[in-house]
Each structure stands twice: as structure tokens, then as C-alpha cells.
Amino acid sequence: FLGTLPKDELAELYRTCDVLALPSTTAAEACGVVQVEAMARGKPVVSTRVASGVPWVNQDGITGFTVPPGDADALRTALATLLGDGELRTRMGEAGRGRFLEQFTQAAMVERTAALYGEVATEPTPAPVSFVKRSFDVALSTFGLLLSAPVWAVAAALIKLEDGGPVFYRQD
């Protein structure tokens, strides 16, 4: 692995590659930003179906292929398919570029975020809780606390017997 690279070197690597492989085996890869970077440059992606946003970003059979995590044979087959078929590679790369422009540009993401905030801001506020319900909740929780008080007293006594120290510690 090359580690962190200057932007111009990274851009050159994306330009010269044919396919991006993201063979994650855990969901620690939240969405795989590298997929978005490759799709922005018109490169197809081979990624894994981990339980995260990775398979949502790379749409199987459209922008590339998704394979089961840890399945080296499926990964090899998907890569060989794309590397052996220039037309398919171009078609999936173009679809990835289209998905990038539709979903992942700054303008698209700002627009969707603003729309979501607008939707949430215009939702009706919940009705206030009635006095009767609030009174019932307070009475029920008080009853529960009083009913469980002996349990807490026994727990405190057991702590005292076990430690020999105070149940409650003073803060200095």
C-alpha cells in the first residue's frame, strides 16, 4: 500500500487504473469514499457486500460488481471479468460517473441535506402530554422506586460487607 499520497500522484493513479478494488472484510469501511473518488473519474468498482454503505455506493451490475467479503474466487472473477471486457468496463465506469454526478457532488449533497432539514423543520410538533398522563407517570415511577427500595438497601449492605468501606464515598 502506498499510504497517504499528494493529490497529483493520487489523481495520476486513478487516471491510469482500469478498475478500483475495495476488498473490505468488515463493516469498518462505512461507505468507501475511494469508490466515490474512482466513480468520479469514470472507473468501475469491485467491492464487497459488507454490512455498511459500501454496497449502496457501488451498485452491483451497474457501476461495478459487489462480491461476498472474504471470497477471493469471487473477487478474482469480478476483476477478471472487468479487465477482460473493455466495453463492460467503459459502460460501468460511465454509469459510476453518472451516479457520482447525481448523488455525490457537493451541490447534490447540499441540496439533499437542505431538503431534509426543511422536511424536518416543517414537521408538526408532537402534542403536549396531558396532565393526567404526566401524573400517572410520576405516580407509577414513585411506586416503582418505593417498591424497589429494599433491593437497593440490600445491595448497599452487601457492598458494605464485601468492601468493609463506605457505600457512598465523599468527594474531596
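Above this text you will find the structure in question.
Notes on the structure follow. It should be emphasised that the depicted structure is a prediction, and the values quoted were computed from it without experimental measurement.

## What to know about the pairing of strand E3 (residues 64-67)
Alright, step 1. Here E3 shows two buried faces, one formed by Gly64 and Thr66 and the other by Phe65 and Val67.
Alright, step 2. Of the strand pairs in this sheet, strand E2 (residues 45-48) and E3 are connected by four bridges, and their pairing is parallel. From the neighbouring strand, threonine 48 faces E3, where its bridge partner is valine 67.

## Quick word on the sheet that holds E3
Alright, step 1. Ordered in space as E1-E2-E3, the three strands form an open sheet in which the pairing is parallel. The open sheet has two edge strands, strand E1 (20-22) and E3, and neither has a second partner. Here the average twist between neighbouring strands, direction ignored, is 10°.
Alright, step 2. Running at roughly 170° to E3, helix H4 (residues 72-84) makes contact with E1, E2 and E3 of the sheet.

## A short note on a nonpolar patch on the surface
Alright, step 1. Together, Phe136, Leu140, Phe143 and Leu147 make up a nonpolar patch on the protein surface, roughly 470 Å² of accessible area in all.
Alright, step 2. Note that phenylalanine 143 resides in helix H7 (residues 131-163).
Alright, step 3. Given the relative accessible area of 52%, phenylalanine 143 is considered exposed.

What counts, and at which threshold
- Residues numbered from 1 in each chain as written.
- Predicted model: local features only at pLDDT ≥ 70, side-chain atom pairs only at ≥ 80, totals over all residues.
- Heavy atoms only, no water.
- Buried < 20%, exposed > 50% of the residue type's maximum accessible area, 1.4 Å probe, protein only.
- Helix = DSSP H or I, 4+ residues; strand = E, 2+ residues; numbered from the N terminus.
- Pairing = 2+ DSSP bridges.
- Axes fitted to C-alpha atoms, helices over the stretch in contact; angles between N-to-C directions.
- Contact = heavy atoms within 4.5 Å.
- Patch = residues over 30% accessible without salt bridge, like charges linked within 9 Å, V, L, I, M, F, W, Y side chains within 5 Å.
- Areas by Shrake-Rupley, 256 points an atom, 1.4 Å probe, with all protein chains shown as cover.
- Salt bridge = Lys/Arg side-chain N within 4 Å of Asp/Glu carboxyl O.

Purely geometric stuff here, so don't read any function into it on its own.
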